[in-house]
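Breakdown of the fold
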Amino acid sequence: MWGGRKLGSSGGWFLRVLGPGGRNTKAARPLISSAVYVKNQLSWTLQIKSGVFNEYRTIWFKSYRTIFSCLNRIKSFRYPWARLYSTSQTTVDSSEVKTFLSLAHKWWDEQGVYAPLHSMNDLRVPFIRDNLLKTIPDHQPGKPLLGMKILDVGCGGGLLTEPLGRLGASVIGIDPVDENIKTAQCHKSFDPVLDKRIEYTVCSLEEIVEETAETFDAVVASEVVEHVIDLETFLQCCCQVLKPGGSLFITTINKTQLSYALGIVFSEQIAGIVPKGTHTWEKFVSPETLESILESNGLSVQTVVGMLYNPFSGYWHWTENTSLNYAAHAVKSRVQEHPTSAEFVLKGETEELQANACTNPAVHEELKK
C-alpha cells in the first residue's frame with residue numbers, strides 16, 4: 001500500500017512504500033510522476049508511470065504547482081479581440097436568402113416593398129454621419145466622411161451604401177444574396193463618383209472577418225440582426241473588423257408584444273407594408289440583450305433611441321419609445337496593453353516567492369534585495 005503526507009507550504013508530497021500492516025515492503029511498485037503537455041488539452045497534467053524501489057526507499061515529489069499554473073494560464077489566455085468563432089460557422093439563414101432573392105429587383109422602387117427603407121434614410125444617414133463627425137476634428141464641407149472606411153453589412157441593393165458614399169466615405173457593401181449585389185452594382189454604375197467610392201461583394205461577414213480584422217472606422221448593420229441565425233457570432237465579427245475606437249451602427253426591431261402585433265400581424269398580414277414572411281418574431285432582439293452582447297465583446301453602447309414609422313405618411317421620426325424599432329450606436333474600446341506570456345511566468349514565480357516568504361527566512365531576505 002501507499003502512505004504519504006503533504007510537507008510544508010510548498011505543497012511537496014512525501015511518499016513511502018508500505019506493506020501489509022503499514023510496514024515497509026520490498027519489490028513494491030510505486031508510481032513515478034512526470035509532467036507532460038497533452039496537445040488536445042490546453043493544460044499541463046501529471047502522468048503516472050510504474051517503477052520498482054528497494055526496501056526503505058522513499059520518493060519525494062516536488063510540487064511545481066506554480067509553474068504548472070503559469071503554463072496553464074499562458075495556454076488558456078486569450079486577448080479580448082482573439083477570434084471566438086469558427087470560419088465554418090455561418091450567420092446566414094438560407095430561408096431568409098430565398099425571401100430576399102425573390103425581391104432583389106425591387107430595391108430601388110421607392111413606392112414598392114422597400115419604401116420604408118428608403119424613407120428610413122432620413123433618420124439613419126444623419127444618425128451615422130453625426131456620430132462619426134464627433135470623432136473627426138476637421139472635415140471637408142460637402143464630404144464630411146472623406147477618408148473614413150465603412151462596411152455596410154447586409155447592404156441589399158445599396159440603399160444605405162450610396163448615401164454614405166456621397167458623404168465622402170469609402171464604403172464596402174456585402175450581402176450573401178448574389179442578385180442583391182448585382183442590383184446594387186448596376187445602380188451605382190450610373191454615378192461615376194459612387195462607382196469609385198463604393199465596392200460590392202457577395203459574401204457573409206464571417207467570410208471576410210480574418211482578412212479585414214481591425215480595418216473599418218465604422219460598421220453598419222441596418223435592419224440585419226433580426227435576420228441572422230447566430231446573433232452573438234455576428235456581433236463578434238462586427239467587433240473584429242472594427243478598428244479600436246471604431247463605431248458600430250445598428251437599426252433593428254425590439255422583441256415585444258407590440259412589435260409582434262404591429263411589425264408582423266399588421267405590417268405583413270394586414271396592411272402589406274412588407275412582404276409576408278420577411279420577419280420572424282423569435283429573431284427580434286431587445287436593446288438590453290443587444291447591449292449585453294456588445295459590451296461582452298468590448299463595445300460600449302453610446303446611444304439607443306426609438307424609431308417610429310407612420311404608414312399613412314410614409315415617414316419615420318425619432319421617439320423615446322424603443323418598443324418597436326430602434327437605433328443603437330456602440331464604440332469599440334481602445335486597445336489596452338496586456339501581459340505577455342513571459343510576464344505571466346514572472347508573475348507566477350513572484351507570487352510563489354511571496355507565498356513562501358513568511359515561512360522561509362532566506363526567501364524573505366531575497367525579496368528584500
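All values derive from a computational prediction rather than experimental measurement.

Turning our eyes to something else, we now look at the pattern of salt bridges. When their charged atoms lie close together, side chains carrying opposite charge are able to pair. Tallied over the entire structure, the rule returns 7 salt bridges. Connected through shared salt-bridge partners, D178, E179 and K182 make up one network.

With that settled, consider the sheet that holds strand β10 (residues 242-253). Taken in spatial order, the 8 strands make up an open sheet running β8-β7-β6-β9-β10-β13-β11-β12, and their pairing is mixed. Of all the strands in the sheet, the pair left with one neighbour each is β8 (198-202) and β12 (315-319). Strand-to-strand twist across the sheet, computed as the mean angle between neighbouring axes with direction ignored, equals 20 degrees. Sheet topology note: the strand β6 (residues 149-153)/strand β7 (residues 170-175) ladder contains 5 bridges and is parallel. Following the sheet pairing, L151 is matched in β7 by I172. Contacts from helix α5 (residues 178-188) reach β7 and β8, with the element oriented near 160 degrees to β8. Helix-sheet contacts for helix α8 (residues 231-241) involve β6, β9 (216-222), β10, β11 (299-310) and β13 (325-332), and the interaxial angle to β10 is about 145 degrees.

Turning to α8, a few remarks are in order. Owing to its 3.6 residues per turn, the α-helix brings residues three or four apart onto one side. Buried residues dominate α8, accounting for 10 of its 11 residues. L231, T233, F234, L235, Q236, C237, C238, C239, Q240 and V241 are the residues of α8 that are buried.

Geometry of an aromatic ring pair is reported as the spacing of the ring centres plus the angle between the planes. In this structure the tally under the stated criterion is 5 aromatic pairs. Both rings, one in F127 and one in F249, keep their centres 5.9 Å apart while their planes meet at 80 degrees; by these two values the pair is edge-to-face. Taken together, the residues span a long stretch of sequence, with F127 in helix α3 (residues 115-133) and F249 in strand β10 at a distance of 122 residues. Like F127, the residue F249 is buried in the burial classification. Aromatic pair Y309 and W316: ring centres 5.0 Å apart, planes at 45 degrees, arrangement tilted. Take W316: its relative accessible area is 12%, and that puts it in the buried class.

What follows concerns the confidence of the model for the chain. Taken over all residues, the pLDDT of the chain has a mean of 78, while the share at 70 or more is 66%. Every residue in residues 5-88 scores below 50 in pLDDT, and together they form 152 contacts with partners more than four places removed in sequence or on other chains. Here residues 336-346 is modelled with pLDDT under 50, and outside its nearest four sequence neighbours on either side it reaches 16 contacts, counting other chains as well.

All right, on to the environment of Y315 then. Among the structural elements, Y315 can be located in strand β12. A relative accessible area of 52% places Y315 in the exposed class. Each C-alpha atom, one on Y315 and one on H118, is 9.5 Å from the other, the two residues being 197 residues apart in sequence. With sequence-adjacent residues up to four places away left out, Y315 is seen in contact with S119, D122, L308, Y309 and N310.

What counts and how
Residues numbered from 1 in each chain as written. Predicted model: local features only at pLDDT ≥ 70, side-chain atom pairs only at ≥ 80, totals over all residues. Heavy atoms only, no water. Salt bridge = Lys/Arg side-chain N within 4 Å of Asp/Glu carboxyl O. Pairing = 2+ DSSP bridges. Helix = DSSP H or I, 4+ residues; strand = E, 2+ residues; numbered from the N terminus. Axes fitted to C-alpha atoms, helices over the stretch in contact; angles between N-to-C directions. Contact = heavy atoms within 4.5 Å. Buried < 20%, exposed > 50% of the residue type's maximum accessible area, 1.4 Å probe, protein only. Phe/Tyr/Trp six-rings, centres within 6.5 Å; stacked < 30°, edge-to-face > 60°. pLDDT = per-residue confidence, 0-100.

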